[in-house]
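Coordinate inspection notes
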Amino acid sequence: MDKLRIRGGRPLEGEVRVSGAKNAALPIMCAALLSAQPLRLSNVPQLMDVRTMAKLLRQMGVAVEPAADGRMALQAARISEPTAAYDLVKTMRASVLVLGPLLARCGQAKVSLPGGCAIGQRPVDQHVKGLQAMGATIAIEHGYMHATAERLRGARIVMDMVTVTGTENLMMAATLAEGTTLLENAAREPEVLDLARCLGAMGARIEGAGSDLIRIQGVASLGGAEHQVMPDRIETGTYLAAATAAGGRVRLVGAAPEALDATLEKLREAGARIGIAAAAIEIEASGRPKPVSVRTAPFPGFATDMQAQFMALASIADGTAVITETIFENRFMHALELRRLGADISIQGNSALVRGVERLQGATVMATDLRASAGLVIAGLVAEGETLVDRIYHLDRGYEALEKKLSALGARIERIS
Ligand code: EPU
């Protein structure tokens with residue numbers, strides 16, 4: 001199993017190109033199921049999760065042609081098997097995003113229930129409830145959701161909580177439903193908006209995406225389209241947090257600064273100097289960061305996907321910070337690993353009290369999920385001596401060429417087998 005070896009203590013200097021957003025690419029790939037015509041994407045990140053989604057779609061009969069330059073063509077001329085089997089769904093929960101499109105296009109879908117997850121329970125009851133409101137019959141049998149519907153009907157759906165993939169699943173299903181669907185308490189994440197833009201290019205009639213009330217007027221069929229996947233705001237935020245922790249001067253190109261307001265504000269609070277140009281962000285930092293408390297919330301609040309990286313930052317801050325996680329009930333596993341590097345963190349319920357220490361010391365740590373791993377890499381970049389991050393397959397799921405990008409910034413980081 002691959003590991004990352006990091007020798008900490010170097011500032012980061014230089015330029016990095018931001019990749020396309022994983023959490024936009026995955027639902028957008030599923031949108032290809034809604035049309036018999038080709039969907040041509042660009043800026044698709046080269047990631048394990050993208051490869052897993054391609055495999056899942058191919059199993060259903062979708063032609064998926066990825067290219068090395070971030071282009072990908074998908075065509076679901078015919079869907080031979082509207083099924084998402086357990087062996088893939090268990091490795092990637094985002095697989096559940098095929099449920100809405102399959103049901104809308106084929107009138108049936110068989111999708112494995114995702115099962116447990118390292119960061120929280122993550123049920124899919126809101127996806128199911130919404131599709132039922134649109135007229136679907138969904139039975140859970142032998143670990144699978146068996147969904148059928150002659151034609152989905154538009155409905156008013158008030159979601160119990162803000163769910164990103166739940167909103168995306170229902171929005172995709174509603175594009176081919178009969179009549180109008182209103183999604184209330186919808187997720188406002190930029191990735192939802194990017195998906196809506198792609199669906200719009202395919203001929204869907206969607207208003208209000210990016211707000212908490214989305215109105216979808218169903219159409220009889222969707223066509224082909226071209227779409228450029230938005231930049232990854234979490235990847236961007238991760239490099240910005242790394243630069244704030246390690247110090248130095250970094251320019252991120254191909255970024256979407258408008259999707260990063262909460263993160264940028266918190267990094268400024270930590271003492272980083274940040275400049276914004278059209279699609280670039282420049283950051284400069286030196287010395288220990290100031291302590292910054294964060295509380296995760298749905299967009300436009302502070303992203304749960306940035307929480308671990310900010311805990312790493314707080315670990316070396318000049319003071320005490322409180323990190324509160326409100327989205328997932330078990331997303332503090334990195335805290336225990338950060339402690340192995342010498343961080344002073346105590347956890348009470350969904351809050352972590354982080355007393356910044358002057359320096360961390362390198363050690364072997366274990367990645368537990370994607371963003372936890374990113375937090376550990378940041379800690380490794382500032383720790384004295386050598387840090388080995390084990391189980392980096394988590395990182396490969398969601399960060400394109402992480403060690404190459406960090407090396408290009410002067411970090412001493414390498415992958416070892
Ligand atoms: N929830 C329910 N019922 C549902 C759906 C969600 O109770 O039917 C709860 C979840 O358990 C959680 C909260 O609602 O407590 C929010 O979960 P959400 O559904 O928004 O999460 P998700 O859609 O499964 C996406 C991202 C995650 C990101 C979260 C929150 C994708 C593919 N995944 O997950 O990304 O953390 O939104 O912003 O878009 C990551 O990239 O590392 C990652 C985990």
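Please refer to the structure placed before this passage.
Numbers given to residues run from 1 along each chain, matching the order in which its sequence is written. Given that the model is predicted, a residue must reach a pLDDT of at least 70 before its local features are reported, and side-chain atom pairs must reach 80 or more before they are shown or counted; all residues, however, enter totals for whole chains, interfaces and linings. Water and hydrogen atoms play no part in the side-chain values, which are based on all heavy atoms of the structure.

Looking now at the overall build of the chain. Secondary structure summary: the chain contains 14 helices and 24 strands in total. Computed over its C-alpha atoms, the radius of gyration of the chain comes to 21 Å, within 12% of the 22 Å expected for a compact globule of 417 residues. When the backbone C-alpha atoms are referred to their principal axes, the chain occupies close to 65 × 45 × 40 Å. Only protein chains enter the accessibility calculation, which uses a 1.4 Å probe. A residue is then buried if its area is under 20% of the maximum for its type, exposed if over 50%, and partly exposed in between. For the chain, the proportion of its 417 residues judged to be buried stands at 57%. Each helix is a run of DSSP H or I of at least 4 residues and each strand a run of E of at least 2, with the numbering of both proceeding from the N terminus. Our radius of gyration is a C-alpha quantity, and the globule rule it is checked against amounts to 2.2 Å times the number of residues to the power 0.38.

Attention now goes to the environment of Ala-241. Relative to the assigned elements, Ala-241 resides in helix α8 (residues 233-246). Each C-alpha atom, one on Ala-241 and one on Gln-309, is 6.5 Å from the other, the two residues being 68 residues apart in sequence.

On to the sheet that holds strand β21 (residues 351-355). A pair of strands is treated as paired once DSSP finds two or more bridges between them. Spatial ordering of the open sheet is given by β18-β19-β21-β20, a layout of four strands whose pairing is mixed. Pairing within the sheet leaves two strands with one partner each, and these edge strands are β18 (294-295) and β20 (344-348). As paired elements, strand β19 (residues 320-324) and β21 share five bridges and run antiparallel to each other. The residue bridging Thr-320 from the neighbouring strand is Arg-355, located in β21.

Our focus in this paragraph is the layout of surface pockets. Throughout, the protein atoms alone are placed on a 1 Å grid, and a set of points is a cavity if a 1.4 Å probe fits but cannot get out or a pocket if it is open with protein on both sides within 12 Å along at least five of seven lines; lining residues have an atom within 4 Å of a point. Grid points are joined across faces, edges and corners, and a volume is the space filled by probe spheres set on the points. The calculated volume of the second largest pocket comes to roughly 230 Å³. Along the walls of the second largest pocket sit 16 residues, with Gln-46, Asp-396, Tyr-399, Ala-401 and Arg-415 positioned nearest its centre. Residue classes in the lining of the second largest pocket are distributed as nine nonpolar, one polar and six charged. Three residue categories are used. Nonpolar comprises Ala, Val, Leu, Ile, Met, Phe, Trp, Tyr, Cys and Pro, charged comprises Asp, Glu, Lys and Arg, and polar comprises the others, including Gly.

Attention now goes to the state of the cysteines. Sulfur atoms of two cysteines make up a disulfide when they are within 2.5 Å. Within this structure, the stated rule accounts for zero disulfides. No disulfide involves Cys-30; its sulfur sits 11 Å from that of Cys-198, the nearest cysteine. Here Cys-106 stays free of any disulfide, with the sulfur of Cys-30 as its closest cysteine sulfur at 13 Å. A relative accessible area of 29% means that Cys-106 is categorised as partly exposed.

Turning to the sheet that holds strand β9 (residues 144-148), a few remarks are in order. One key point about sheets: their strands pair by backbone hydrogen bonds, in either a parallel or an antiparallel sense. Spatial ordering of the open sheet is given by β6-β7-β9-β8, a layout of four strands whose pairing is mixed. Each edge of the open sheet carries a strand with a single partner, namely β6 (83-84) and β8 (137-141). Sheet topology note: the strand β7 (residues 108-112)/β9 ladder contains five bridges and is antiparallel. Within β9, the position partnered with Lys-110 by the bridge is His-146. The contact criterion used is simple: two residues touch if any of their non-hydrogen atoms lie within 4.5 Å. Axis definition: a line fitted to C-alpha atoms, limited for helices to the stretch in contact. Angles are taken between N-to-C directions and run from 0 to 180 degrees. The strands that helix α4 (residues 99-106) touches are β6, β7 and β9; relative to β7, the one it contacts most, it runs at about 160°.

A few words now on the site of the ligand. Neighbouring residues of the ligand: 21 residues in total, closest Gln-126, Thr-163, Thr-165, Asp-305 and Ile-327. Measuring from an oxygen atom of the ligand, one finds a side-chain N or O atom of Asn-23 at 3.0 Å. Residues adjacent in sequence count toward polar contacts only when both atoms are side-chain atoms; beyond that, a polar contact is any pair of N or O atoms within 3.5 Å, and within protein one must be able to donate a hydrogen and the other to accept it. Within the backbone of Val-164, one N or O atom sits 2.8 Å away from an oxygen atom of the ligand. In terms of residue count, helix α5 (residues 125-133) provides more of the shell around the ligand than any other element does, three residues in total. The residue inventory of the shell around the ligand, partitioned by class, reads nine nonpolar, six polar and six charged. What makes a residue near a molecule or strand is one non-hydrogen atom of that residue sitting within 4 Å of it.

Before going further, it helps to examine unusual backbone geometry. The omega angle of the peptide bond from Phe-299 to Pro-300 is 10°, so this bond is cis rather than trans. Following the sequence through the fold, Pro-300 ends up in the loop between β18 and α10 (307-315). Phi is positive for Arg-391, close to 60°, though the residue is something other than glycine. Although it is not a glycine, Ala-401 adopts a positive phi angle of roughly 50°. For Ala-401, the position within the fold is in the loop between α13 (393-398) and α14 (402-408). Ala-401 sits in the partly exposed class, given a relative accessible area of 31%.

By size, the foremost hydrophobic cluster in this structure holds 81 residues, and its most contacted members are Leu-57 and Val-98. Per element, the largest residue contribution to this core is seven residues, and it comes from helix α1 (residues 22-31). Those residues in contact with Val-98 that lie beyond four places of it in its chain are Cys-30, Leu-33, Leu-56, Leu-57, Met-60, Ala-84 and Val-111. Throughout, nonpolar core names a set of buried Ala, Val, Leu, Ile, Met, Phe, Trp, Tyr and Cys residues whose side chains join them through atoms within 4.5 Å. Counting 70 residues, the second-largest nonpolar core is a separate cluster that includes Ile-6, Ile-283, Leu-338 and Val-357.

With that out of the way, let us pick up the pattern of salt bridges. Criterion for a salt bridge: a side-chain nitrogen of Lys or Arg within 4 Å of a carboxyl oxygen of Asp or Glu. Throughout the structure, instances matching the rule amount to 22 salt bridges. A salt bridge links Glu-282 to Arg-249, with the shortest nitrogen-to-oxygen separation between them at 3.6 Å. Placement of the pair is Glu-282 in strand β17 (residues 280-285) and Arg-249 in strand β15 (residues 248-253), with a sequence separation of 33 residues. Overall, Arg-249 belongs to the partly exposed group, its relative accessible area being 43%. Among the charged side chains, a salt-bridge network with shared partners connects Glu-15, Arg-249, Arg-251, Glu-282 and Glu-284.

With that settled, the discussion passes to helix α9 (residues 261-269). Think of an α-helix as turning once every 3.6 residues; residues three or four places apart then point the same way. Among all positions in α9, only Ala-262, Thr-263, Leu-264, Lys-266 and Leu-267 are buried. Along its buried surface, α9 packs onto α8, β16 (273-277), β17, β18 and α10. Backbone geometry just downstream of α9 places Gly-271 in the positive-phi region, at approximately 110°.

Only centres within 6.5 Å qualify two rings of Phe, Tyr or Trp (six-membered ring in Trp) as a pair; their planes then separate them into stacked at under 30 degrees, edge-to-face at over 60, and tilted for everything else. Inspection of every chain in the model, using the stated rule, returns one aromatic pair. Summarising the aromatic geometry, the rings of Phe-302 and Phe-310 are spaced 4.9 Å apart at their centres and angled 80° between planes, so their arrangement reads as edge-to-face. The residues Phe-302 and Phe-310 share a single accessibility class, namely buried. The ring of Tyr-144 carries the charged tip of Lys-110 above its face, separated from the ring centre by 4.8 Å. Look at NZ for Lys and CZ for Arg. If either is within 6 Å of the ring centre and within 35 degrees of the ring normal, a charge sits over the ring.

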